[in-house]
Amino acid sequence: AYSVGVPLKFDSLSICYSDTITGLKADLGETLEMFSNVSLCVKMDLINTIPLGLSLKLVPLDENGDVIEDIEIDKLVIEAGSGENLLASDGSVNGNLGAQHFVFGIKSKSGDVSKLDQLAFVVEAASNHITGSAGLKGEQGIKISNIVFEVAGDIEVDIKDMDF
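Quick notes on the rules
Residues numbered from 1 in each chain as written. Predicted model: local features only at pLDDT ≥ 70, side-chain atom pairs only at ≥ 80, totals over all residues. Heavy atoms only, no water. Helix = DSSP H or I, 4+ residues; strand = E, 2+ residues; numbered from the N terminus. Buried < 20%, exposed > 50% of the residue type's maximum accessible area, 1.4 Å probe, protein only. Contact = heavy atoms within 4.5 Å. Pairing = 2+ DSSP bridges. pLDDT = per-residue confidence, 0-100. Salt bridge = Lys/Arg side-chain N within 4 Å of Asp/Glu carboxyl O. Core = buried A, V, L, I, M, F, W, Y, C linked by side-chain atoms within 4.5 Å.

Q: Please provide a residue-by-residue account of the overall build of the chain, values included.
A: On a plain count of helices and strands, the chain comes out with one helix and eight strands. For the chain, the N- to C-terminal ordering of α and β elements is β-α-β-β-β-β-β-β-β. Taken over 164 residues, the chain has a buried fraction of 34%. In the chain, once contacts between residues fewer than 6 apart in sequence are set aside, the share between residues at least 24 apart is 87%.

Pasting the structure below:
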């Protein structure tokens, strides 16, 4: 019996994954009301073992899931991964992998980010960004962790009712 292995080549393989964080208005609402000229910053750590160059973008959404055109968010490029398994045999993240730290700037053209209620994370890859001869396997992946939101802006305080 003979066994023949033939590597597959895709002329235009495209991968897109998205997930959404909801309820930001409830979590950040009162804080954002105190600021004007607000800008937000999202910081995160990311591990990529997929041997493809990826792009990661955050899409600002309102309560209805509609894109907020007034808010601009940076789009980031993630270097291709090594092709190693993301998870160790016990299901934990492979300890040999180092995380990259990313920072997204979120700015509103009008200075008002009060409509922001959801952030969609969109990861995209294309076959023309593959590195080396590493193939795609089910054990590869990305892990995003330590997501932190920072708020910056001018604080507005009404001091008419304050006693001095």
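Q: Hey, could you go over the pairing of strand β5 (residues 75-78) for me, with residue numbers and the actual values?
A: Alternating residues of β5 divide into Leu-76 and Ile-78, all buried, and Lys-75 and Val-77, none buried. Looking at chain direction, strand β3 (residues 52-61) and β5 are connected through four bridges and run antiparallel. From the neighbouring strand, Lys-57 faces β5, where its bridge partner is Lys-75.

Q: With reference to specific residues and values, describe the confidence of the model for the chain.
A: Do not read the predicted coordinates in detail wherever pLDDT is low. Confidence in the prediction for the chain averages 79 pLDDT; 74% of positions are at 70 or higher. Here helix α1 (residues 24-33) stands out as the least confident element of the chain, with mean pLDDT 74; β3 is the most confident, with 89.

Q: Give me the lowdown on unusual backbone geometry, citing residues and values where you can.
A: Phi at Asn-146 takes a positive value of approximately 50°, unusual for a residue other than glycine. Locating Asn-146 in the fold gives a position in strand β8 (residues 142-155). Given the relative accessible area of 52%, Asn-146 is considered exposed.

Q: Which residues make up the environment of Lys-75, and what values go with them?
A: Structurally, the position occupied by Lys-75 is in strand β5. The exposure class assigned to Lys-75 is exposed, which follows from its relative accessible area of 52%. Sequence separation between Lys-75 and Gly-105 is 30 residues, and the spatial gap between their C-alpha atoms is 9.2 Å. Those residues in contact with Lys-75 that lie beyond four places of it in its chain are Ser-55, Leu-56, Lys-57 and Glu-124.

Q: Account for the pattern of salt bridges, naming residues and giving values.
A: Summed over the entire model, instances satisfying the criterion amount to three salt bridges. Among the ionic pairs, Lys-25 bridges to Glu-63, the shortest N-O distance being 3.6 Å. Here Lys-25, found in helix α1, pairs with Glu-63, found in the loop between β3 and β4 (71-73); they are 38 residues apart in sequence, far enough to count as distant. When its relative accessible area of 54% is taken as the criterion, Glu-63 is described as exposed.

Q: Kindly report on the nonpolar core, identifying the contributing residues and their values.
A: Within soluble globular proteins, side chains that are nonpolar generally end up buried alongside one another. Ranked by size, the top nonpolar core spans 24 residues in total, and within it Leu-56, Phe-104 and Leu-119 carry the most contacts. Sorting the residues of this core by element identifies β2 (35-48), β3, β4, β5, β6 (100-108) and β7 (118-130) as the ones contributing at least two each. Once residues within four sequence positions are removed from consideration, Phe-104 is found in contact with Leu-40, Cys-41, Val-42, Met-44, Leu-56, Lys-57, Leu-58, Ile-73, Asp-74 and Leu-76.

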